[in-house]
Amino acid sequence: MKKFLVALTLLAFPLYMMAQFAPEPKDTAWKKIYRASSTRINDLIHTKLDVKFDYDKAWMYGKEWLTLKPHFYATDSLTLDAKGMDIREIDIMKGNVKSPLKYTYDDMQLRIILDKTYKGGEAYTLYIDYTSKPNDLKVKGSAAISDAKGLYFINPKGEDKNKPIEIWTQGETEANSAWMPTIDKPNQKTTEEIYMTVPDKYVTLSNGLLISQKKNADGTRTDYWKMDLPHAPYLFFMGVGDYAIIKDSYKGKEVSYYVEKDQAPYARGVFGLTPEMIKFYSDKLGVEYAWPKYSQIVGRDYVSGAMENTSSTLHQESAYQNARQLTDGNSWETVICHELFHQWFGDLVTCESWSNITVNESMADYSQTLWMEYKHGKDAGDEENQQGLTAYLSSPNDAKKDLVRFRYSDKEDVFDLVSYQKGGRVLHMLRNYVGDDAFFKSLNLYLNTNKFKPGESGQMRLAFEEITGQDMNWYWNQWYYGSGQPVVKIDYKYDDAAGKAMVIIDQVQKTDKVFRLPLVIDIYTGNTKSRHNVWVENKTDTFTFVYSTRPDLVNVDGDKVMLWAKTDNKTAENYIFQYHHAPFYLDRREALDYFAGKGMKELQLGLNDRYAPLRRSTIEKLGNSKMAKDADVISAIENISNTEKDKKTKAAAISFLVKTTDPKYLTLYKNNVSDSSYSVAGAALKGLLALDAGNAYTMAKKYSNDAKGTLGAVVSDILISQGTESDFDFIATRYENAPPSEDKLTMSQSFCTYMEKVNDLSKVKKGIDMIIRFKNIIPQQFRGFTDPTFKAAFDKLAKAKGSEIADYIDKLIK
């Protein structure tokens, strides 16, 4: 899954993008509990389902034929996970003959007495007739996923005319047992058949292939989906809705995108790189995409970011982008490649327990770096890698957690910055250490050895040992079964008389742990570079190099791959040389950061950097520096505003010029306010407003018909501050469509302030409903931070609008 960021930005990202900053539970008894893999008494073999949906009640009527066998030891009983169901019948099947079985049920698990003792490997089939009632189920979500009821009816009665009627499921971690009795553990694998009966106007999606469709006399249709390859129960999926299906292909296999019909023109713009991604990963791993098709579907009100259901990935609606948004770049590209990579790491080979989630999520996180490097160049891959490192280092509490975590309070807790971002950086270092050929051959061996089975980190270590011929226990013990990362201070001493340069690396982390780090030190003298492979193994290590001419630069971690926090005490001259001569993105970024921190004119070098994001960040740094009013700087950025091809960088240049308030840029703003990029248009509109503030409302209304992203934010700010009741629909729609994030929390306050001017109380109530919906999807652990913001905004609105609104707010919150 794709899930992380800090606190609220958590909510806007795929299960893998939501980094937990939740406090550690006060009850620490969990620290003594070893979280082993689930004991396999019975093994799933095949799951056959026949389901019908009751939209009025938000229920699902299910019939299930479940085939199992004892794993090894004989058994006369079976325990199934089945959350919050009405169980009508449980039988043993002998051919077509059903015989009832005795069972007990505590609303979470079924304990079934079988008709006899079955030997290890002896198959038997159960029949279960049941009703799933997901909205009656009281279960806890997590920072990664805000709810865990498995089956979701979206707007089932069609009461919200602005929202489609949909059904989708979300299984990870163990929520699919809310709609199908199963052994809901990641170390189980089963083949699958699903018959879904739905209104004939809707399409369906599930794992595997659509085998047949049968129209029924009552206006419904039964679709038959079949998956012949075994996969874990949490990866089962059902999706239903009024979707357009856009089809591509890869080596004869269907690659399809299920989107709302008004999004069909943009579907390939968002998802169209998928076939190329499948080829890239298949070739890189030497393991072909295994499943019979690959579909992606977008679900409204999805409780996470995205989920890698086998052959049928589910995305949240933030994936939707129109042509103007895509002009700024596909914001969902790394989510798409992340979820796709799970089809190998997570679906083909699945973590044997949640303690070993690293073999799913660290791999998928690192796939983003691999894809960006391949598709957009080495700088883009290095930037993606650095973003992951920065995110992990931003949460000091995560340094306490092992990557393979056998002790945790709740299984949901492992979906964090350690399992994703730290794990991805551990893989990046490993790739650099063993080399590309060995790295990908080791992954190939791991996949082929364990395909269609569960896997764990230890098995991945064995694969690397088999390929490299090296004992890798030291690496796994340090990075997988250990916690934290080095914090280093790097100093340099030069003795020209003796012709010696000394590099002193101190590990200053506040623990007793000393890390063992293989790295390279590059020494530059003019255009000549010499490389030295060294091992850092002590609290303090000193490395001495002989020279005849003092080096221009000693570059520690020349490949820029280390997972550490560092203080690198280079001189200004060193960094100037590094910017010009060291080859990588991070070399140049570190130099530019140094120049910005010291207020050095060399910061301007970044304006001509080959990589657009570094040009963009340089513009932003200059805008916050004492050089912002320098005539040469302004002239250079003016040139960028007229010639830059990268839209976001062009927007940054225009935004810089806006701050000058110079009227000579009026023509520039007018020429760009209708640009195809929302970022450029938004920056230009800010410029027009800066020169004609009295006309702000008129201009905001003019551009409000098609305003998203930066342009939408500018328009929205004006309409909220200066707008009238007639602007409610635009403001409310923009608020409702904004992805859950920290920005939306701020928008909630502004929206409440605007509604103080709205006289139609039905509109005010509609706006309150929207804010409450957002409030309710925030994970419980963050509400201590967010609830005071909502309370202050609601109190102010209630005071302005009177008792009817005050009572309405109070009722909804209660």
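Residues numbered from 1 in each chain as written. Predicted model: local features only at pLDDT ≥ 70, side-chain atom pairs only at ≥ 80, totals over all residues. Heavy atoms only, no water.

Right, let's talk about unusual backbone geometry for a bit. Backbone torsion omega between E172 and T173 reads 5°, so that peptide bond is classified as cis. Within the element layout of this structure, T173 appears in the loop between β10 (166–169) and β11 (190–199). Phi at N155 is positive, roughly 50°, even though this residue is not glycine. Exposure remark for N155: the relative accessible area of 13% places this residue in the buried category. (Helix = DSSP H or I, 4+ residues; strand = E, 2+ residues; numbered from the N terminus. Buried < 20%, exposed > 50% of the residue type's maximum accessible area, 1.4 Å probe, protein only.)

What follows concerns the side chain of E308. By secondary structure assignment, the location of E308 is in the loop between β19 (306–307) and β20 (312–316). Judged by its relative accessible area of 0%, E308 is buried. In this structure, E308 is in contact with M1, E172, L235, T313, E339, H342, Q343, D347 and E361, ignoring residues within four places of it in sequence. (Contact = heavy atoms within 4.5 Å.)

Attention shifts here to the environment of Q368. The residue Q368 is located in helix α5 (residues 358–376) in this model. Owing to a relative accessible area of 3%, Q368 belongs among the buried residues under this scheme. Taking the C-alpha atoms as reference points, Q368 and E339, separated by 29 residues in sequence, lie 9.7 Å from one another. A polar contact is formed between the side chain of Q368 and the side chain of H338, at a distance of 2.9 Å. (Polar contact = N/O pair within 3.5 Å; in protein donor to acceptor, adjacent residues only side chain to side chain.)

The next subject is the pattern of salt bridges. By the definition in use, this model includes 56 salt bridges. Notably, a salt bridge pairs R588 with D379, separated by 2.8 Å at the nearest N-O pair. Taken together, the residues span a long stretch of sequence, with R588 in helix α12 (residues 585–598) and D379 in helix α6 (residues 378–393) at a distance of 209 residues. You'll find R588 and D379 in the same group, each marked buried. A salt bridge links K570 to D568; the shortest N-O distance between them is 3.4 Å. Side by side, K570 and D568 carry an identical accessibility label, which is buried. (Salt bridge = Lys/Arg side-chain N within 4 Å of Asp/Glu carboxyl O.)

Before going further, it helps to examine the sheet that holds strand β16 (residues 243–250). Strand order across the open sheet formed by five strands is β16-β17-β18-β20-β19, with mixed pairing between neighbours. Both edges of this open sheet fall to β16 and β19, since each of them pairs with a single strand only. Across two bridges, the pairing between β19 and β20 is antiparallel. In the strand pairing of β20, M307 is matched with L314. Each of β16, β17 (253–260) and β18 (293–299) touches helix α2 (residues 274–285); the most contacted strand, β16, lies at about 40° to it. (Pairing = 2+ DSSP bridges. Axes fitted to C-alpha atoms, helices over the stretch in contact; angles between N-to-C directions.)

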